[in-house]
Amino acid sequence: MKSERLDRIREHPARYLIPWSMTIARPILGELARREAGKGNWSLSKKLYIAAAGTDFEGIPARFFHATSKAGGVADPTADGFLRAEAAATFAPQMPVTTSVITGAEIVNLALNAKIQKGRDKPFVPREAKVGSAVQAGGAITFFRGIENNSVGQRAVGKAVMLVGTGLRVYAYGKEYSRMKRDSKNFTKK
């Protein structure tokens, strides 16, 4: 009985609503967070960014409800890109050099990710990239706390942690792209 209901849900077109709602909410929450930071409301901005980061777990309901798609594989990194751009706009006045470095690295990541996703039936995100995103988020939260507490030390730690997370993401996408290139060369030699 329970299995039959779940099977019906997994076959219904509405099964896409939850993951797609989460994907669409990400840049909207990011924009609201950017605006609140611009007003000096760093506490609310931090909470909105945490909520936006939470929407990046849309893959869990998408897989559970069998609602993955190529369109979702494109929309997810696009929503991530918007959120990262909004975060960069939020942090740029507070840490211009660090924001520039992170933004440049994320542009490289987007380009590599586009090549990695090409031709795949299901979206793929390297494990280290997921870890890097979590590390970046932890650094951002620490940086927010530094702003709220007027703590230079917390801000410095937040910047460093964000850079480490960014490095992990560059490493992950670079490693996966290199693996794909190596495998395609091996494939064509046979």
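Residues numbered from 1 in each chain as written. Predicted model: local features only at pLDDT ≥ 70, side-chain atom pairs only at ≥ 80, totals over all residues. Heavy atoms only, no water.

Trainee: I'm lost on unusual backbone geometry in this one. Help?
Mentor: Apart from glycine, the bulk of residues carry a negative phi angle, and the bulk of peptide bonds sit in the trans form. The backbone phi angle of His66 is positive, close to 55°, even though this residue is not glycine. Along the polypeptide, His66 turns up in the loop between helix H4 (59-64) and helix H5 (70-91). A relative accessible area of 46% means that His66 is categorised as partly exposed. (Helix = DSSP H or I, 4+ residues; strand = E, 2+ residues; numbered from the N terminus. Buried < 20%, exposed > 50% of the residue type's maximum accessible area, 1.4 Å probe, protein only.)

Trainee: Can you walk me through the packing of aromatic side chains in this structure?
Mentor: Here a ring pair, both rings aromatic, is described through the centre-centre distance and the interplanar angle of the planes. Applying the stated criterion across every chain, the model contains five aromatic pairs. The interplanar angle of 80° and the centroid separation of 5.1 Å between the aromatic rings of Phe64 and Phe65 together place this pair among those described as edge-to-face. Residue classification places Phe64 among the partly exposed residues on the basis of a relative accessible area of 42%. Ring geometry for Phe91 and Phe144: centres 5.2 Å apart, planes at 55°, overall tilted. One end of the pair, Phe91, is in helix H5; the other, Phe144, is in helix H7 (residues 127-148), with 53 residues separating them in the sequence. Look at Phe91 and you get buried, because its relative accessible area is 4%. (Phe/Tyr/Trp six-rings, centres within 6.5 Å; stacked < 30°, edge-to-face > 60°.)

Trainee: Would you take a moment to explain the packing of helix H2 (residues 17-38) against helix H3 (residues 42-54) for this structure?
Mentor: Between two packed helices, both the angle of their axes relative to each other and the distance between the axes serve to describe the pair. Across the interface, H2 lies against H3 with an axial gap of 8 Å and an inter-helix angle of 165°. One finds that H2 runs roughly antiparallel with respect to H3. Considering only the axes of H2 and H3, their crossing is left-handed. Together, Met22, Arg26, Leu29, Gly30, Leu32, Ala33, Arg34, Glu36 and Ala37 of H2 and Trp42, Leu44, Ser45, Leu48, Tyr49, Ala51, Ala52 and Gly54 of H3 make up the contact between the two elements. Looking at the contact of H2 with H3, its residues break down into 11 nonpolar, three polar and three charged. (Axes fitted to C-alpha atoms, helices over the stretch in contact; angles between N-to-C directions. Parallel < 35°, antiparallel > 145°, perpendicular 65-115°, else oblique. Left-handed = near helix turned anticlockwise from the far one by under 90°. Contact = heavy atoms within 4.5 Å. Nonpolar A, V, L, I, M, F, W, Y, C, P; charged D, E, K, R; others polar.)

Trainee: I would appreciate a short explanation of the pattern of salt bridges in the present structure.
Mentor: A side chain of one charge can pair with a side chain of the opposite charge when the charged atoms of the two come close. Counting across every chain of the model gives 13 salt bridges. The residue Lys175 makes a salt bridge to Glu128 at a minimum N-O spacing of 2.8 Å. Here Lys175, found in helix H8 (residues 152-189), pairs with Glu128, found in helix H7; they are 47 residues apart in sequence, far enough to count as distant. Members of the salt-bridge network, linked through shared partners, are Arg26, Asp56, Glu58, Asp76 and Asp80. (Salt bridge = Lys/Arg side-chain N within 4 Å of Asp/Glu carboxyl O.)

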